[in-house]
Amino acid sequence: MGVGMSINPSKALIALVALICITVLIAVDAIDQNQGLPIITMIVGYSVGNGMAALTNKEVQPIIRKKDPK
């Protein structure tokens, strides 16, 4: 890894577990491929997008955050 680069293991673990779960559900025919593949695509796209934003020093928006005070 380069200098100044860090990994968010909890975010990576969540993405990995989600990918494994969706893949298993598709494999055992619990859900149809037409339902599972878009979810897999979204998870991979989110992960790649966050990684690219982090590499280019752009702010990465969290999925869950505190409400802004009014």
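Structure: above.
Everything numeric here is computed off the predicted structure, so don't read it as measured data.

Caption draft 1: Highlighting the overall build of the protein chain. Regarding its fold elements, the protein chain presents two helices and zero strands. Counting the 70 residues in the protein chain, one finds 11% classified as buried. Entry remark: accessible area of the protein chain is about 6100 Å², with carbon and sulfur atoms responsible for 66%.

Caption draft 2: Main features of unusual backbone geometry. Unusually for a residue other than glycine, D29 sits at a positive phi of about 60 degrees. Structurally, D29 can be placed in the loop between α1 (9–27) and α2 (33–55).

Caption draft 3: Molecular detail of a nonpolar patch on the surface. Taken together, the side chains of L13, L16, V17, I20, V24, L25 and V28 make up a nonpolar region of the molecular surface, amounting to roughly 600 Å² of accessible area. By the element assignment, V24 lies in helix α1. Judged by relative accessible area, V24 falls into the partly exposed class, the value being 44%.

Caption draft 4: Geometry of α2. Taking 1.5 Å per residue as the helical rise, α2 with its 23 residues ought to reach 33 Å, and the 32 Å between its terminal C-alpha atoms agrees with that figure. G36, I40, I43, N50 and A53 are the residues of α2 that are buried. Once α2 ends, the next one or two residues include N57, with phi positive near 60 degrees.

Caption draft 5: Highlighting the packing of α1 against α2. Put simply, α1 and α2 touch, their axes get as near as 10 Å, and they point 165 degrees apart. By the angle class used here, α1 and α2 are roughly antiparallel. Crossing geometry of α1 relative to α2 is assigned as left-handed. From α1, K11, A15, A18, L19, I22, T23 and I26 reach across to α2, where they touch Q33, G36, L37, I39, I40, I43, V44, Y46, S47 and N50. The residue inventory of the contact of α1 with α2, partitioned by class, reads eleven nonpolar, five polar and one charged.

Calculation rules
- Residues numbered from 1 in each chain as written.
- Predicted model: local features only at pLDDT ≥ 70, side-chain atom pairs only at ≥ 80, totals over all residues.
- Heavy atoms only, no water.
- Helix = DSSP H or I, 4+ residues; strand = E, 2+ residues; numbered from the N terminus.
- Buried < 20%, exposed > 50% of the residue type's maximum accessible area, 1.4 Å probe, protein only.
- Areas by Shrake-Rupley, 256 points an atom, 1.4 Å probe, with all protein chains shown as cover.
- Patch = residues over 30% accessible without salt bridge, like charges linked within 9 Å, V, L, I, M, F, W, Y side chains within 5 Å.
- Salt bridge = Lys/Arg side-chain N within 4 Å of Asp/Glu carboxyl O.
- Expected span 1.5 Å × (residues − 1).
- Axes fitted to C-alpha atoms, helices over the stretch in contact; angles between N-to-C directions.
- Parallel < 35°, antiparallel > 145°, perpendicular 65-115°, else oblique.
- Left-handed = near helix turned anticlockwise from the far one by under 90°.
- Contact = heavy atoms within 4.5 Å.
- Nonpolar A, V, L, I, M, F, W, Y, C, P; charged D, E, K, R; others polar.

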